[in-house]
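Reading the structure
Read off the chains here:
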Amino acid sequence: MEEIFPFAAGAIIGLLVLRIRSTALRIAVFVVLCALVGALASFLAGELEISWAFVTVDAGLVWLGAVVAVSLAAARRLVQR
């Protein structure tokens, strides 16, 4: 159940990042937000007390959620054409 927050936050990040026009800025914001939200998710779940390695897992979940959201948005655009 604690893994829903990182995935959902990643989906929101993915949709927000799509609004940025510059590709370089889009990638930079994507990476920074995924890392920050992953660390926040680990902190909120109390996993940081056990190990900082959980940040990589949660950041990966955030990244996965963002990639899924971006992929679905791109597929939707293709279908609408």
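Look up a bit, the structure's there.
**What about the overall build of the protein?**
In terms of helices and strands, the protein carries three helices and zero strands. In sequence order, the protein lays out its α and β elements as α-α-α. Expressed as lengths along the three principal axes of its C-alpha atoms, the size of the protein is roughly 50 × 25 × 15 Å. For the protein, with 81 residues in total, the buried portion stands at 26%. Taking contacts inside the protein between residues at least 6 apart in sequence as the whole, the part at least 24 apart equals 66%. As displayed, the protein offers around 5600 Å² of accessible surface, 72% of which is attributable to carbon and sulfur atoms. Computing the positive centroid from 6 side-chain charges and the negative centroid from 5, the protein places the two 33 Å apart.

**Points about the packing of helix H2 (residues 23-45) against helix H3 (residues 54-80)**
Where H2 meets H3, the axes come as close as 7 Å, and the angle between the chain directions of the two elements is 130°. Relative to H3, the element H2 lies oblique. For the crossing formed where H2 meets H3, the hand is right-handed. Facing H2, whose interface residues are Phe30, Cys34, Ala35, Val37, Gly38, Ala39, Ala41 and Ser42, H3 presents Phe54, Val55, Asp58, Ala59, Val62, Trp63, Ala66 and Val67.

Conventions used here
Residue numbers here run from 1 along each chain, matching the order of that chain's written sequence. Side-chain atom pairs in this predicted model are given and counted only at pLDDT of 80 or more, local residue features only at pLDDT of at least 70, and totals for whole chains, interfaces and linings cover all residues. To obtain the side-chain values, all non-hydrogen atoms of the structure were used and water was disregarded. Here a strand is any run of E in DSSP of at least two residues, a helix any run of H or I of at least four, and the numbering for each starts at the N terminus. Each residue is placed in one exposure class: buried if its accessible area under a 1.4 Å probe, protein chains only, is under 20% of its type's maximum, exposed if it is over 50%, and partly exposed if it falls in between. Contact criterion: two residues are considered in contact whenever any of their non-hydrogen atoms come within 4.5 Å of each other. Only the protein chains shown count as covering a residue, and every accessible area follows the Shrake-Rupley method with a 1.4 Å probe. Positive charge is attributed to Lys and Arg, negative charge to Asp and Glu, and no charge count is given to His or to the chain ends. Throughout, a charge is located at the NZ atom of Lys, the CZ atom of Arg, the CG atom of Asp or the CD atom of Glu. Where helices are involved, their axes are fitted lines through C-alpha atoms of the stretch in contact, as for all axes, and angles between N-to-C directions lie from 0 to 180°. With respect to orientation, any angle under 35 degrees is reported as roughly parallel, any angle over 145 as roughly antiparallel, any angle of 65 to 115 as roughly perpendicular, and every other angle as oblique. In this scheme the crossing of two helices becomes right-handed for a clockwise turn of the near helix relative to the far one and left-handed for an anticlockwise turn of less than a right angle.

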